[in-house]
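# Chain and residue survey
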Amino acid sequence: MINKIKTLLEEVKEWKAADAAGLETLRIGYLGKKGEISQLMNDFRDVAAEHKRETGLYLNRLKETAQQKIKELKDALDESVATPNDVDLTRTAYPQPLGTRHPISTVKKEICDIFGRLGFSIAEGPEIEDDWHVFSSLNFAEDHPARDMQDTFFIRHDPEILLRTHTSSVQTRVMEKQQPPIRIICPGRVYRNEAISYRAHCFFHQVEALYVDKDVSFADLKQALLFFSKELFGATTKIRLRPSYFPFTEPSAEMDISCNLCSGKGCPFCKHTGWVEILGCGMVHPNVLDNCGIDSRIYSGYALGMGIERITNLKYQVTDLRLFSENDIRFLQQFESAN
Ligand code: DAH
């Protein structure tokens, strides 16, 4: 029996396993219930008493060596899985697709940053609003035709709860709580009951700016607009103001910038006028200040509002508004370098 054990001991030392399955075959073949070593353990009972001691020592050595060898082979296999020999660790990594900021978020941040440099801080308000904050406080009379300018999603009547149609509602929210000086920029999503097409959507994004203090004048507004336009569209950008009407500003204006596609020469994008409209603005109507508890005899202010989608279209020539909300990765990936 001792000779048999010695032979097996030599075999065990030579064990090799190419993979986990090979190792398991070895284990079962030797240490399994009917394996060679287990068989010897059974036969040990019949060994003559005077040989028991020596045989026992050999048998134990065989069993321990086999177990030790199995463990070594297993460790070696695990290690080779973790760092296969054929992996070149110095090779350049595979390109990993990176998530990117949504173009609307990129432009929103850019707009807020520019106004941030003028001392404006960000203010936000709720998307579900009441009539007071969206219309009445902003000088829309009860039966004023201006209310028809915006098709509203109403959630409840009496009292009227609705989805805000513009971010001007944040003006009221801030002015009700805070006395001037007020210098805020309010980005947010707004809703209008429009049929969805390439040029209209039932939700979109706006940025509103409001500055109220003593002696704020139209000249201050114009200077802020010029600074903003040059920062966003480039130093050669020109602006022009056209008289307009909003119930919450007096006087009111719409601002055009020189078309940044044709540098003002005229192209299909600007309908050959050389100008494109980008925002509405004006001096805050005294009624709005008074409605919010700010004395219009002491304070004055300017406000402006613009659509982020429109600005993004101008910057990146996106021709279909729906792309902004469809989350098509092929569209979004094109803005990787814009971040
Ligand atoms: N709230 C206007 C709109 O949704 C945009 C606007 C125009 C905002 C003039 C203003 C402003 O603050 O002064 O069409």
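Residues numbered from 1 in each chain as written. Predicted model: local features only at pLDDT ≥ 70, side-chain atom pairs only at ≥ 80, totals over all residues. Heavy atoms only, no water.

### Some thoughts on the packing of helix α5 (residues 103-117) against helix α8 (residues 218-233)
A pair of packed helices is captured by two measures, namely the crossing angle of their axes and the spacing between those axes. Rules: Fitted lines through C-alpha atoms serve as axes, helices being fitted only where they are in contact, and the angles separating the N-to-C directions of these axes extend from 0 to 180 degrees. Under the scheme used here, helices are H or I runs from DSSP no shorter than 4 residues and strands are E runs no shorter than 2 residues, and both carry numbers assigned from the N terminus. Each angle is binned into one of four classes, with values under 35 degrees roughly parallel, values over 145 roughly antiparallel, values of 65 to 115 roughly perpendicular, and all other values oblique. Handedness of each helix crossing follows the sense of rotation of the near helix against the far helix: counterclockwise by less than a right angle gives left-handed, clockwise gives right-handed. Any pair of residues with heavy atoms lying within 4.5 Å of one another is described as a contacting pair.
Remark: α5 packs on α8, axes separated minimally by 10 Å, with the N-to-C direction vectors making an angle of 135°. By the angle between their directions, the pair α5 and α8 is classed as oblique. Considering the relative orientation of α5 and α8, their crossing is right-handed. Across from Glu110, Ile111, Ile114, Phe115 and Arg117 in α5, the residues of α8 making contact are Phe227, Phe228, Glu231 and Leu232.

### Brief notes about the site of the ligand
What counts is decided by this rule: Throughout, the term near means that a residue has one or more heavy atoms lying within 4 Å of the molecule or strand in question. Pairing of N or O atoms within 3.5 Å defines a polar contact, subject to two protein rules: one partner must be a possible hydrogen donor and the other a possible acceptor, and residues neighboring in sequence count only if both atoms are side-chain atoms. The method behind every accessible area is Shrake-Rupley, applied with a 1.4 Å probe, and residues are considered shielded solely by the protein chains displayed. All residues other than Ala, Val, Leu, Ile, Met, Phe, Trp, Tyr, Cys, Pro, Asp, Glu, Lys and Arg, Gly among them, are scored as polar; the first ten of these are nonpolar and the last four charged.
With respect to spatial proximity, 16 residues lie near the ligand, and among them His166, Ser168, Arg192, Gln206 and Glu208 are the closest. Gln171 places a side-chain nitrogen or oxygen 3.4 Å from an oxygen atom of the ligand. Within the side chain of Gln206, a nitrogen or oxygen atom sits 2.9 Å from an oxygen atom of the ligand. Burial of the ligand by the protein chains amounts to 91% of its free accessible area of 360 Å². The set of elements that each furnish at least two residues to the shell around the ligand consists of α7 (168-177), β6 (203-213), β9 (275-284) and β10 (300-307). Taken together, the residues of the shell around the ligand break down into five nonpolar, nine polar and two charged.

### Overview of the pairing of β10
For clarity, the threshold we go by: Exposure is judged per residue with a 1.4 Å probe applied to protein chains only, and the accessible area is read against the type maximum: over 50% gives exposed, under 20% gives buried, and values in between give partly exposed. One bridge is not enough; two strands pair if DSSP finds at least two bridges between them.
Of all eight residues that make up β10, six are buried, and the element is covered over most of its length. By the bridge criterion, eight bridges tie β6 to β10 in an arrangement that is antiparallel. Bridge pairing links Leu210 to Ala303 in β10. Pairing analysis gives five bridges linking β9 to β10, with the strands arranged antiparallel. Counterpart to Met283 in the pairing with β10 is Tyr302.

### Here's the deal with the packing of aromatic side chains
Defined as follows: Ring pairs shown here join Phe, Tyr and Trp side chains whose ring centres sit within 6.5 Å, with only the six-membered ring taken for Trp; geometry is labelled stacked below 30 degrees between planes, edge-to-face above 60, and tilted in between.
A full pass over the atoms with the stated rule returns 12 aromatic pairs. Ring centres 4.8 Å apart and planes at 65° place the aromatic pair Trp15 and Tyr30 in the edge-to-face group. Here Trp15 is found in the loop between α1 (2-13) and α2 (20-31), whereas its partner Tyr30 is found in helix α2, with 15 residues between them in sequence. Considering the side-chain rings of Phe115 and Phe228, the 5.1 Å spacing of their centres and the 35° angle between planes classify their relative orientation as tilted. With Phe115 in helix α5 and Phe228 in helix α8, this pair connects stretches of sequence that are 113 residues apart. Take Phe228: its relative accessible area is 0%, and that puts it in the buried class.

### Describing the pattern of salt bridges
Spelled out, the test is: The rule for a salt bridge is simple: a side-chain nitrogen of Lys or Arg has to be within 4 Å of a carboxyl oxygen of Asp or Glu.
Taken as a whole, this structure holds 14 salt bridges when the rule is applied. A salt bridge links Arg173 to Glu129, with the shortest nitrogen-to-oxygen separation between them at 2.7 Å. Taken as a pair, Arg173 in helix α7 and Glu129 in strand β2 (residues 128-130) lie far apart in primary sequence, 44 residues in all. Among the residues examined, Glu129 registers a relative accessible area of 2% and is labelled buried.

### Let's talk about the domain arrangement of the chain
As a reminder, the rule being used: Throughout, the edges of the domains are those of an automatic or database domain assignment.
Domain assignment breaks the chain into domain 1 (2-82) and domain 2 (103-338). Just the C-alpha atoms count here: the centres of domain 1 and domain 2 sit 81 Å apart.

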